[in-house]
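Topology and contacts: notes
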Amino acid sequence: MNKSEYLEKASSVIEELGSTESGLTDDQAARLLEKNGRNELAKAPKESLIARFFDQMKDPMIIILLAAALISGVTSVIQGESLADVVIILAVVIINAVLGVFQESKAEKAIEALQKMSEAKSKVIRGGQIVVVHSSTLVPGDVVILEAGDSVPADGRIFECASLQIEEAPLTGESIPVKKTIEALDLGKRKDIPLGDRTNMMYMGSSVAYGRGKAVVTATGMNTEMGKIAHAITQAEEVKTPLQIKLSQLSKILTYLVLGVCAIVFIVNMIRFSSTDQNYILDSFLIAVSLAVAAIPEGLVAVVTIVLSIGVTNMSKRNAIIRKLTAVETLGCAQIICSDKTGTLTQNKMTVTSYFTDDPALLATAMALCNDAEIDQSLKVVGEPTECALVSFALKQGLNKNELVREQPRVGEAPFDSKRKMMSTLHRCDGKIIQYTKGAPDEVLKKCTLYLDHGTPIPMTDELRQKILDENKSMAGKALRVLCAAMHSWDSMPSDTSSDSLEQDLVFIGLTGMIDPVRPEVKDAIAECRKAGIRPIMITGDHKDTAVAIARELGIIKDAKEAITGAQLDEIDDATFEKTVGNYSVYARVQPEHKTRIVNAWRKNGYVTAMTGDGVNDAPSIKSADIGIGMGITGTDVTKNVADMVLADDNFATIVGAVEEGRRIYDNIRKAIQFLLSSNMSEVLSVFAATLLGFVILKPAHLLWINLITDCFPALALGTEKAESNLMERPPRSAKDGIFAGGVGVDIAYQGLLCTILTLAAFFIGHYIENGVWEFMNFSSPDGMTMAFLTMSMAEIFHSFNMRSQRQSIFRMHHQNKFLIWAGIASLALTTGVLYIPFLANAFGFQHINLLEYAVAMGLAVLIIPMVELVKLFQRIAAKKKSR
């Protein structure tokens, strides 16, 4: 396509592209898509599996371990000894790396699937029909329909516009929206026209701020202006959640602590082995390094990442599409949910049930024509729900909008604006121009100077104005949404079609009242919110009486004093509002900027706040909130793009479900962290104690085996745990809470100590059964080591069942975690196999233990469950006393 299309007439550009104002056919679009490729910017190249595998090896501890294995291997070859230990260490390292790559790939695929679900869509004309397609399938020649709030999906030449303004800051840096035209531009003496001055063009990456229009696509993907700078903006950027950052910091702290322990172990072993072992330096070094690798939970961040990815996939199945992983954590802390009324608390299925006018036919005509909803070929009304209700109302009066449009074609308009709360359209009829205006009764009424009395305009008196306001209040009191219609006649097309010029000296026609029933599931969701310590707030542009009626029905408020209008809010300064924000649960007749004030007031009081929004003007309040929630059905592209979460069904109950899921995910991550850290602590304490007492309780290969089994499958299985029964009865978690808040740090310490005691007991008992004598220092025991290995492995697996609830007894849980059960069975089979399959037992240096020793070791391992259960009992008793 000629890159100076802005200098040509729109009709010439459309012709050059082989298209028409009715768009391409499906066949043409398919051929062009195959020829030009998808309308996507180039993405940063993905790392290969081999590169990812070696990335797993970059961990300093893994490098030290590999170096130690290499030194040990060379020494073993020279001395003619077995390479079993070296092979086992290398095998464990490789398996760990493979699992790491698998976990990363699974998490990445889950995120990619979510991105596809929230992929941008565009409204286009294909074969004369308006259809919605994925923006990535747009091709040059497609005719795109632009409306306020839409993201511009590709570069294009505008050929139809009504007060169209596009915000092009991502490309030009200019924050003021550009007013668009359809005329060809004149180059004059300039060599070229700067991008920001091409007023008849649209560009990918910009957004529609106002009005509406149509444009033919001239460039897609990397051929767009955005594509020219794509290399600078499409570099892959991995954003970590606060929890993941905390875990990375924790891992560093643990690394330093464990290195200190390892240094002590190394020195003690050097002293102990120096007189008896020729390879004492290497042996001491290998034990110290393997202890470090076993003790540091290298897989912690990976486990958390995959649990998060599984969680957000589950959320998407419940119609909550998470766009930013940080939202998962923040959802669990939500204390305030500010929600729009229409479509979120209500069904968004508007029906006109009442009207006030002296001329029903004229009222229906005005409401149908000053309207962007349409009747399709199947006689179905399509468009925004409120506007659909008005077109349907006209149909019931025997007036088909399509016929009305033929009789009175639209020739101009002043599109709806949330500040004016009205829209106006101009129509040619019998050689004259008729203007219809519809909008909020109190706003439209301010512009009316005449009243239509049985077809005759008469002056608007205070009595007539009060009569209209009383009727409006009566309808609103029945929870009806009320709209007002007015008109103005012009002898010819006015030269100034701005809203300021058009919306003056109007003739009042009438009112329509429509009902939008509440969603049946929302009342229970509101009750669940309150039980969970979350306060629901209703925000609406509707009349105060309507808002109060709906809020009372849903249980959001009990008294009308808890409601305030936008006008009343304007009279309160920020400092006063911050102190009194807790007095209000319903905001009526609000502007988008009021939403930002409401969010900021709650946040300054220390509350974690969620805010919903759909319109382009809602973007600032959504960005200001801790959790910005966009509407998947009615929401504009701009709003969805800044949201942390998008509701696929625009339903308030989905928000509450997402909060529950967010709490469950965070709960499960903490369980996995507690399990991993307590298990690692038991390994460190056991080896450290054995070193100080002068014996080897477990060899490096044993520690690595235990770490592989305990750090992977049970931790991931805990991530799938269902929500605890009292999850939504707890108050919201504080956003300032650290990883060890709520007694987790104490739990890790005592549980790690219990596992250590059981492991040491198994070692001493094994030595006694083998030798018939009790010894506690400076000895070796093959049976004791084998029993200690079995006890530690299985104690950690049994302990993972304890972790299903931090305080609740696992015997009172009403559901089972099948993944955890299978992880336990697999671990038992693998651990038993290592002990009794000859070549594996020899490789690991295990002694064959009899049935009694096996039973004793298993019995000790099982003891972790009743021991932790007993502590939980005392903790519950203490918590009850404290609550009293």
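Scroll up to find the structure.
Treat the numbers as computed from the prediction; the structure is a model and nothing was measured. (Residues numbered from 1 in each chain as written. Predicted model: local features only at pLDDT ≥ 70, side-chain atom pairs only at ≥ 80, totals over all residues. Heavy atoms only, no water.)

Further remarks concern the overall build of the protein chain. Broken down by element type, the protein chain carries 34 helices and 25 strands. With respect to the principal axes defined by its C-alpha atoms, the protein chain has extents near 115 × 70 × 50 Å. Expressed as a percentage of contacts within the protein chain between residues at least 6 apart in sequence, the contacts between residues at least 24 apart total 72%. (Helix = DSSP H or I, 4+ residues; strand = E, 2+ residues; numbered from the N terminus. Contact = heavy atoms within 4.5 Å.)

This next bit is on the sheet that holds strand 9 (residues 336–340). Reading across the sheet, the eight strands line up as 8-25-24-23-9-20-22-21 and stay open at both edges, with mixed pairing between neighbours. Edge strands, defined here as strands with exactly one partner in the open sheet, are strand 8 (320–322) and strand 21 (563–565). Strand-to-strand twist across the sheet, computed as the mean angle between neighbouring axes with direction ignored, equals 20 degrees. Pairing analysis gives four bridges linking strand 23 (residues 609–613) to strand 24 (residues 627–631), with the strands arranged parallel. In the sheet register, Met 611 faces strand 24, and the bridge partner there is Gly 628. (Pairing = 2+ DSSP bridges. Axes fitted to C-alpha atoms, helices over the stretch in contact; angles between N-to-C directions.)

Evaluated as defined, the whole model comprises 15 aromatic pairs. Here the aromatic rings of Phe 577 and Tyr 587 are separated by 6.4 Å at their centres, their planes lie at 90 degrees, and the arrangement is edge-to-face. Of the two residues, Phe 577 is situated in helix 22 (residues 574–580) and Tyr 587 in strand 22 (residues 586–588); the sequence distance between them amounts to 10 residues. Owing to a relative accessible area of 1%, Phe 577 belongs among the buried residues under this scheme. The interplanar angle of 65 degrees and the centroid separation of 6.3 Å between the aromatic rings of Tyr 584 and Tyr 587 together place this pair among those described as edge-to-face. With relative accessibility at 15%, the residue Tyr 584 sits in the buried group. Tyr 587 gets classed as buried once you look at its relative accessible area, which sits at 0%. Through a chain of ring-to-ring contacts, three or more aromatic side chains come together here, namely Trp 705, Phe 789, Phe 844 and Phe 846. Positioned above the aromatic ring of Tyr 666 is the side chain of Arg 733, whose terminal nitrogen or guanidinium carbon lies 3.5 Å from the ring centre. (Phe/Tyr/Trp six-rings, centres within 6.5 Å; stacked < 30°, edge-to-face > 60°. Buried < 20%, exposed > 50% of the residue type's maximum accessible area, 1.4 Å probe, protein only. Lys NZ or Arg CZ within 6 Å of the ring centre and 35° of its normal.)

Moving on: the nonpolar core. Residues Ile 556, Phe 652 and Ile 673 are the most contacted members of the largest nonpolar core, which totals 68 residues. Looking at which element gives the most residues to this core, the answer is helix 26 (residues 652–693), with 13 residues. With near-sequence residues (within four places) excluded, Phe 652 lies in contact with Ile 337, Ser 339, Thr 344, Leu 345, Val 522, Ala 525, Ile 526, Cys 529 and Pro 536. Membership of the second largest hydrophobic core comes to 52 residues, among which are Leu 291, Phe 695, Ile 709 and Leu 835. (Core = buried A, V, L, I, M, F, W, Y, C linked by side-chain atoms within 4.5 Å.)

What follows is about helix 34 (residues 864–883). An ideal rise of 1.5 Å per residue puts 28 Å on 20 residues; helix 34 measures up with 28 Å between its terminal C-alpha atoms. Among the residues of helix 34, those classed as buried are Ile 864, Ile 865, Val 868, Glu 869, Lys 872 and Gln 875. With its buried residues spanning 125 degrees around the axis, helix 34 presents them on a single face. Residues Phe 874 and Lys 881 are exposed on helix 34 and point more than 90 degrees away from its buried face. (Expected span 1.5 Å × (residues − 1). Arc of directions from axis to C-beta.)

Right, let's talk about the packing of helix 30 (residues 782–802) against helix 34 for a bit. Packing of helix 30 against helix 34 brings their axes to within 9 Å, and their N-to-C directions diverge by 35 degrees. As helix 30 runs across helix 34, the sense of the crossing is right-handed. Counting all contacts with helix 30, which are made through Ala 795, Phe 798, His 799 and Asn 802, the residues of helix 34 involved are Ile 864, Ile 865, Val 868 and Lys 872. Here the contact of helix 30 with helix 34 is composed, by residue class, of five nonpolar, two polar and one charged. (Left-handed = near helix turned anticlockwise from the far one by under 90°. Nonpolar A, V, L, I, M, F, W, Y, C, P; charged D, E, K, R; others polar.)

Turning our attention to the pairing of strand 19 (residues 506–515). With nine of 10 residues buried, strand 19 lies mostly within the body of the structure. Inspection of the sheet shows strand 16 (residues 448–453) paired to strand 19 by three bridges, in the parallel sense. Pairing of Cys 448 across the sheet is with Leu 506, part of strand 19. In the sheet, strand 18 (residues 481–490) pairs with strand 19 via seven bridges, with the strands oriented antiparallel. Bridging across to strand 19, Met 487 finds its partner in Val 507.

What follows is about the environment of Ser 122. For Ser 122, the position within the fold is in strand 1 (residues 121–126). You can call Ser 122 buried: its relative accessible area is 6%. Sequence separation between Ser 122 and Gln 335 is 213 residues, and the spatial gap between their C-alpha atoms is 35 Å. If near-sequence neighbours (up to four positions away) are discounted, Ser 122 is found in contact with Val 131, Val 132, Val 133, Ser 135, Leu 138 and Pro 153. In terms of polar contacts, Ser 122 uses its side chain to reach the side chain of Ser 135, at 2.7 Å. (Polar contact = N/O pair within 3.5 Å; in protein donor to acceptor, adjacent residues only side chain to side chain.)

Quick look at the packing of helix 29 (residues 744–771) against helix 30 now. Where helix 29 contacts helix 30, the axes come no closer than 7 Å and their chain directions differ by 150 degrees. Considering the angle they form, helix 29 stands roughly antiparallel to helix 30. Here helix 29 runs over helix 30; the crossing is right-handed. Of helix 30, the residues touching helix 29 (which contributes Gln 751, Cys 755, Leu 758, Thr 759, Ala 762, Phe 763, Ile 765, Gly 766, His 767 and Glu 770) are Pro 782, Asp 783, Gly 784, Met 785, Met 787, Ala 788, Thr 791, Met 792, Ala 795 and His 799. Per-class residue counts for the contact of helix 29 with helix 30 are 11 nonpolar, seven polar and two charged. (Parallel < 35°, antiparallel > 145°, perpendicular 65-115°, else oblique.)

The next subject is the pattern of salt bridges. Summed over the entire model, instances satisfying the criterion amount to 28 salt bridges. For Asp 142, the salt bridge identified is with Arg 126, shortest N-O distance 2.8 Å. With Asp 142 in the loop between strand 2 (129–134) and strand 3 (143–147) and Arg 126 in strand 1, the pair connects residues that are 16 residues apart, well separated along the chain. Accessibility assignment for this pair places Asp 142 and Arg 126 in one class, buried. (Salt bridge = Lys/Arg side-chain N within 4 Å of Asp/Glu carboxyl O.)

Together, Arg 812, Lys 880, Lys 881 and Arg 884 give the surface a local cluster of positive charge. Looking at where Arg 884 falls in the secondary structure, it is placed in the segment after helix 34. The exposure class assigned to Arg 884 is exposed, which follows from its relative accessible area of 81%. (Patch = residues over 30% accessible without salt bridge, like charges linked within 9 Å, V, L, I, M, F, W, Y side chains within 5 Å. Areas by Shrake-Rupley, 256 points an atom, 1.4 Å probe, with all protein chains shown as cover. Lys, Arg positive; Asp, Glu negative; His and termini not counted. Charge placed at Lys NZ, Arg CZ, Asp CG, Glu CD.)

For the rest of this paragraph, the subject is the layout of surface pockets. By volume, the second largest pocket is sized at about 1,000 Å³. Along its surface, the second largest pocket is lined by 28 residues, and Arg 670, Arg 730, Gly 742, Gln 806 and Arg 807 are the ones closest to its centre. Top contributing element to the lining of the second largest pocket by residue count: helix 26, with six residues. Here the lining of the second largest pocket is composed, by residue class, of eight nonpolar, nine polar and 11 charged. (1 Å grid on protein atoms, 1.4 Å probe; cavity = no way out; pocket = protein on both sides within 12 Å on 5 of 7 lines; lining within 4 Å. Points joined across faces, edges and corners; volume = space filled by probe spheres on them.)

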